[in-house]
Amino acid sequence: MSSASAADRIVFVGAGKMGTALLSGLARAGAPGCVEVIEPHPSTELVALCDARGFALCGAPPAGPPAGTLLLAIKPQMLESVAPALSKVVGPETLVVSILAGKRIADLSTRLAARAFVRAMPNTPAAIGRGITGAFANAQTSAPQRGLAQRLLSAAGEVVWVEREELIDAVTAVSGSGPAYVFLLAECLAAAGAAAGLPEDLAARLARATVSGAGELMHRTPELSPATLRENVTSPGGTTAAALAVLMAQDGLAPLMTRAVEAAKRRAAELSG
Ligand SMILES: NC(=O)c1ccc[n+]([C@@H]2O[C@H](COP(=O)([O-])OP(=O)(O)OC[C@H]3O[C@@H](n4cnc5c(N)ncnc54)[C@H](OP(=O)(O)O)[C@@H]3O)[C@@H](O)[C@H]2O)c1
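The present account deals with the structure reproduced in this document. (Residues numbered from 1 in each chain as written. Predicted model: local features only at pLDDT ≥ 70, side-chain atom pairs only at ≥ 80, totals over all residues. Heavy atoms only, no water.)

### Focus on the layout of surface pockets
Line of reasoning, step 1. Considered as a void within the structure, the second largest pocket measures approximately 840 Å³ in volume.
Line of reasoning, step 2. Taken together, 35 residues line the second largest pocket, and the ones lying closest to its centre are Met18, Ala73, Ile74, Lys75 and Ile99.
Line of reasoning, step 3. When residues of the lining of the second largest pocket are traced back to their parent elements, those giving at least two are helix H1 (17–29) and helix H6 (167–176).
Line of reasoning, step 4. For the lining of the second largest pocket, the class distribution of residues is 22 nonpolar, 10 polar and 3 charged. (1 Å grid on protein atoms, 1.4 Å probe; cavity = no way out; pocket = protein on both sides within 12 Å on 5 of 7 lines; lining within 4 Å. Points joined across faces, edges and corners; volume = space filled by probe spheres on them. Helix = DSSP H or I, 4+ residues; strand = E, 2+ residues; numbered from the N terminus. Nonpolar A, V, L, I, M, F, W, Y, C, P; charged D, E, K, R; others polar.)

### Some remarks on the packing of H1 against helix H2 (residues 44–53)
Line of reasoning, step 1. Relative to each other, H1 and H2 sit at 25°, their axes nearing to 11 Å. One finds that H1 runs roughly parallel with respect to H2. Two packed elements cross with a definite hand, and for H1 against H2 that hand is left-handed. In this structure, H1 uses Thr20, Leu23, Ser24 and Ala27 to contact H2, whose residues at the interface are Glu45, Leu46, Leu49 and Arg53.
Line of reasoning, step 2. In the contact of H1 with H2, the residues fall into 4 nonpolar, 2 polar and 2 charged. (Axes fitted to C-alpha atoms, helices over the stretch in contact; angles between N-to-C directions. Parallel < 35°, antiparallel > 145°, perpendicular 65-115°, else oblique. Left-handed = near helix turned anticlockwise from the far one by under 90°. Contact = heavy atoms within 4.5 Å.)

### Observations concerning the pattern of salt bridges
Line of reasoning, step 1. Tallied over the full model, the rule gives 10 salt bridges.
Line of reasoning, step 2. Salt-bridge contacts for Glu80 lead to Arg111; the nearest nitrogen and oxygen are separated by 3.4 Å. With Glu80 in helix H3 (residues 79–82) and Arg111 in helix H4 (residues 105–111), this residue pair connects regions lying 31 residues apart in the sequence.
Line of reasoning, step 3. The class of Glu80 is exposed, set by a relative accessible area of 57%.
Line of reasoning, step 4. The salt bridge involving Glu216 is made with Arg220; its shortest N-O contact spans 2.8 Å. Within this pair, Glu216 and its partner Arg220 are both found in helix H8 (residues 200–220), separated by 4 residues, close to a single helical turn. (Salt bridge = Lys/Arg side-chain N within 4 Å of Asp/Glu carboxyl O. Buried < 20%, exposed > 50% of the residue type's maximum accessible area, 1.4 Å probe, protein only.)

### Description of the sheet that holds strand E1 (residues 9–13)
Line of reasoning, step 1. Taken in spatial order, the 8 strands line up as E3-E2-E1-E4-E5-E6-E7-E8 in an open sheet, and their pairing is mixed. Where the open sheet ends on each side, the last strands, each with one partner, are strand E3 (56–58) and strand E8 (157–161). Within this sheet the neighbouring strands show an average axis-to-axis angle of 20°, counted without direction.
Line of reasoning, step 2. Docked against the sheet, H6 engages strand E6 (116–121) and strand E7 (131–137), running at close to 30° with respect to E6. (Pairing = 2+ DSSP bridges.)

### Comments concerning the environment of Ile38
Line of reasoning, step 1. In this fold, Ile38 is placed in strand E2 (residues 34–38).
Line of reasoning, step 2. For Ile38, a relative accessible area of 5% gives the class buried.
Line of reasoning, step 3. When the C-alpha atoms of Ile38 and Val13 are compared, they prove to be 4.9 Å apart, with 25 residues separating the residues in sequence.
Line of reasoning, step 4. Excluding its chain neighbours within four sequence positions, the residues that come into contact with Ile38 are Val11, Phe12, Val13, Gly14, Ala15, Cys58, Gly59, Ala60, Pro61 and Pro62.

As C-alpha cells, then:
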C-alpha cells in the first residue's frame, strides 16, 4: 500500500466493463486519491491500465485501515457473497458509491458498516467517456463526500443528482436502459430502409451513420432543444414532414416510448424489491 492516508484511499471493488470504464476515465482526468482495485480476474486491459497509472491491483480486499471511498462495481447478485470480506476496507467514515443496478441503499447499509452511501446509475456510453449517470446521496453523505462521488462518476461522463432514491428507477428507465432504445431505432430504420428497396447492408450503413451523426449533432449544439433540431430539418409539406406525421400521430412514437419507459421503471422497482 502507498503512503497516502486511509481517507485518500479509493478502493474499486469489481472492475469489469463498467468499473474499467470508470477507471479509464479517472486515468484520463486524474484520480482524486490513491486508487486500489480489487478484481479477482483482471482483463489484460485492466492490468495494463493499472500498471500505467500506478493503481494497485489485487484479487481480494487488502488488510489496512478502512478506505475513504469504496466504489462498488460488482454484479448485483454478487453483493451478498462479497460484502463480508469488505469489512476489512469499510468503516463508519467510508463513503460507499454503488453502481449496482437494483440494490437500494437499505440493502447496502445492512451489509456494509458505512453511513454515507451514494447510489448511482451510469450507462454504457461511459466506455467512451460519454455516459450520463444519475446519482442519489443519502442524508449522511457530507458535501465533500458528494463532491468526491461527483468527481469519480464524472470519469464516465455527465452526472445528474436526484433528490429521492426512488427516482433512480426512472433514471434507469430513461438513461440506464436508453442506449438500447437508440440501438433499436437504428435497427428499425435499417429494416425500414431495406423494405423501401435498399440493399440490407446499405440500409444498415445509412441508419447507423444517421443515428450516430444526429446524436453527435445534438451533442455539439446543447443550446438547441431536440424539438428545434427536428423543426430545423422539417420543411412544410416535405418528406420529413410526411414521416413525422406518422411518428407523431396520437398512436405514434410518444405513447410507445412512454409505455416502454414505464415498463422499464416498473421492472427496476421490482428488481429493487
Ligand atoms: N454495464 C452497464 O451498462 C451498467 C449500467 C449501469 C449499472 N451497471 C452496474 O455495474 C455493475 C457492474 O456491471 P458490469 O457490466 O461492469 O459487470 P461485469 O463486467 O461482470 O463486472 C463485474 C466485475 O466484478 C468482478 N468480481 C467478481 N467477484 C468479485 C469479488 N469477490 N471482488 C471483486 N470483484 C469481483 C467480476 O469478475 P469475474 O467476471 O471474474 O466474475 C467482474 O470483473 C453491475 O452491478 C451493474 O448493475 C452496469
